[in-house]
Each structure stands twice: as structure tokens, then as C-alpha cells.
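Each chain, letter by letter, is given below.
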Amino acid sequence: MEKLYEGKAKEVFKTDVDNEVIIRYKDDATAGNGEKKDVFEGKGPLNLAITTLVFEKLKKEGIPTHFIKTLNERDMLVKKVVILPLEVIVRNISAGSFAKRYGVEEGIVFHKPIFEISYKNDDLGDPLMCEDHAIALGFITKEEYDYIKNMTLKINKLLQKIFLEIRLKLVDFKIEFGKDREGNILLADEISPDTCRLWDVETNKKFDKDIFRRDLGNLIEGYGEVLDRLRG
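For clarity, every value in this text was computed on a predicted model and none was experimentally measured.

Account for the overall build of the protein, with residues named and values stated.
Helices and strands together make up the secondary structure of the protein, namely 6 helices and 14 strands. Radius of gyration (C-alpha) of the protein: 17 Å, near the 17 Å computed for a compact globule of 232 residues. Along the three orthogonal principal directions, the C-alpha set of the protein runs to about 45 × 40 × 35 Å. The buried share of the protein, taken over its 232 residues, is 51%. A separation threshold of at least 6 residues defines the contact pool for the protein, and within that pool the share at least 24 residues apart is 57%. Of the accessible surface of the protein, which amounts to about 11900 Å², a share of 49% is contributed by carbon and sulfur atoms.

If you had to explain the pattern of salt bridges to someone new, which residues and values would you point to?
When the charged atoms of two side chains with opposite charge come close together, those side chains can pair. Applying the stated criterion across every chain yields a total of 29 salt bridges. Where Glu182 meets Arg181, a salt bridge forms, and the shortest distance between an N and an O atom there is 3.6 Å. Among the salt bridges present, the one from Arg214 reaches Asp210, with a minimum N-O distance of 3.8 Å. A relative accessible area of 35% places Arg214 in the partly exposed class. Here Asp210 falls in the buried class, since its relative accessible area comes to 1%. A single salt-bridge network, built from bridges that share partners, covers Arg91, Arg101, Glu106, Glu116, Asp172, Arg197, Asp210, Arg213 and Arg214.

Outline helix 4 (residues 142–164), supporting the account with residue identities and numerical values.
Between its first and last C-alpha atoms helix 4 spans 33 Å; for 23 residues at 1.5 Å apiece the expected length is 33 Å, and the two agree. Those residues of helix 4 that sit buried are Glu144, Tyr145, Ile148, Met151, Thr152, Ile155, Asn156, Leu158, Leu159, Ile162 and Phe163.

So what's going on with the packing of aromatic side chains? Residues and values would help.
Here the structure, examined in full by the defined rule, presents 6 aromatic pairs. Between the aromatic rings of Phe40 and Phe212, the centroid separation amounts to 5.6 Å while the plane-to-plane angle is 85 degrees, which identifies the pairing as edge-to-face. Of this pair, Phe40 sits in the loop between strand 5 (36–39) and helix 1 (43–60) while Phe212 sits in helix 5 (residues 210–213), and the two are 172 residues apart along the sequence. Accessibility classification places Phe40 together with Phe212 in one group, the buried group. Pairing Phe115 with Tyr145 gives two aromatic rings, centres 5.9 Å apart and planes at 85 degrees, and the pair type is edge-to-face. Of this pair, Phe115 sits in strand 10 (residues 109–119) while Tyr145 sits in helix 4, and the two are 30 residues apart along the sequence. A connected cluster of aromatic rings, assembled from ring pairs, spans Phe98, Tyr102 and Phe110. Positioned above the aromatic ring of Phe207, the side-chain terminus of Arg229 is 5.1 Å from the ring centre.

Reading guide: rules and limits
Residues numbered from 1 in each chain as written. Predicted model: local features only at pLDDT ≥ 70, side-chain atom pairs only at ≥ 80, totals over all residues. Heavy atoms only, no water. Helix = DSSP H or I, 4+ residues; strand = E, 2+ residues; numbered from the N terminus. Rg over C-alpha atoms; globule rule 2.2 N^0.38 Å. Buried < 20%, exposed > 50% of the residue type's maximum accessible area, 1.4 Å probe, protein only. Contact = heavy atoms within 4.5 Å. Areas by Shrake-Rupley, 256 points an atom, 1.4 Å probe, with all protein chains shown as cover. Salt bridge = Lys/Arg side-chain N within 4 Å of Asp/Glu carboxyl O. Expected span 1.5 Å × (residues − 1). Phe/Tyr/Trp six-rings, centres within 6.5 Å; stacked < 30°, edge-to-face > 60°. Lys NZ or Arg CZ within 6 Å of the ring centre and 35° of its normal.

Taken by themselves, the reported measurements are silent on function.
As C-alpha cells, this is what we get:
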């Protein structure tokens, strides 16, 4: 297959259908904008399986996504989209860069979710943006910003319910959106422990990429536990 793109954790391949592509999940792990790197055998299939289950649940709730079907343990067939140059972030509990940025402890439960966007640019360190910046630079329109924010907050409620049912707190997460050739904005990329902070509801044990970032234990066991819980 012709490779169209390779990122830190995934590869994108062309298919025989013009508006469909294949995303292949790699075993690579990165943190700190690529400063810390490693490879964990089996990480890609775990993230693909988790993303598949979550996307299927979101699709049933009316969330438009690029997901079509999973082909095998590493490959997902999706609608071809142009990814918006924005990372969309929701924070339900203080952690990670938020806690560091403002000098607060981790674990503060917010009265309502915090919605953030950042410019998807590794060279610049994915800087935070406000609504006006994103619109002024032509990344999105005001209408698109409002749509993305409303959709993201709906996704947050659904994800909180999904993970709480398996005894995990959704601390925060980042997602990406893309436009299909008709101009529809779709949830894209992945939703997995690579992109979500997930803490056990009783112990606050971490089941996400902080295991790798902070050398907290076995990454594959942690991700595998998330998948096992989702499968029931």
C-alpha cells in the first residue's frame, strides 16, 4: 500500500477508494513532543482495540466520526479527512501540563469542564490558542469553533459515562477533528490511553500514557487493563 503519512504513533495508507484511507497503529510511544521515545510491543493493537470500542459507542450516540471499520489488529478503515491544525482538549480534573502551568496540585475536580484548543505544531510546542487566534489565522470559522466546542463537550459527557461504568475517572483528553470532502466536521484520530488520562475511581492509579511519561510501571499491562474493563 502507498503510504500517505507517518506520525509518531500511526501511519496512513491509500486505498482503492478515493475517500477512504487505512490508519495503522504503531507500537511507538513518545512524550514531551517526542523528546522521550520507546517502543512497546503490542501497544498499537491495544490502542486500536480501545479506539474501536469507544468510537462504536460514540457512533451509537450520534457522534459523527471518520471511523468505518477495523480491518485487523493494527489497521482501521476510515473516511479520508483533512485534519484541522488544532488539538482540542477537555479537562475535568487538574493534572499534567495544566497543574504545572498554574502551579496547582493534581486532582482538583472542576465545577465544569475546561475547554481548550492548541495549535498542532510540534516545532512550536503545540501552543495554547484562544478562539480569536484560531479564527484570525483562518484555521476555523466562528461557526465551526462553536460546533466543535459543543460537540466536544457532548463527547466529554459520553466518555465520562463510558469510563465511569468501568470504574475509571476521565481526568482529561485531547481529540482532533477533520473535514471530509463534503465539508462535514468529523471526530478523527483516536481515543485511547495515549490521548486520555484515566484514573481508577478508588485508588487514582493511572491507566494512561503517564505510566510511560513518569515511569510508573508496565505500560502494556495498564493499557491492557483498560481494554479488559471495556470488554467486560
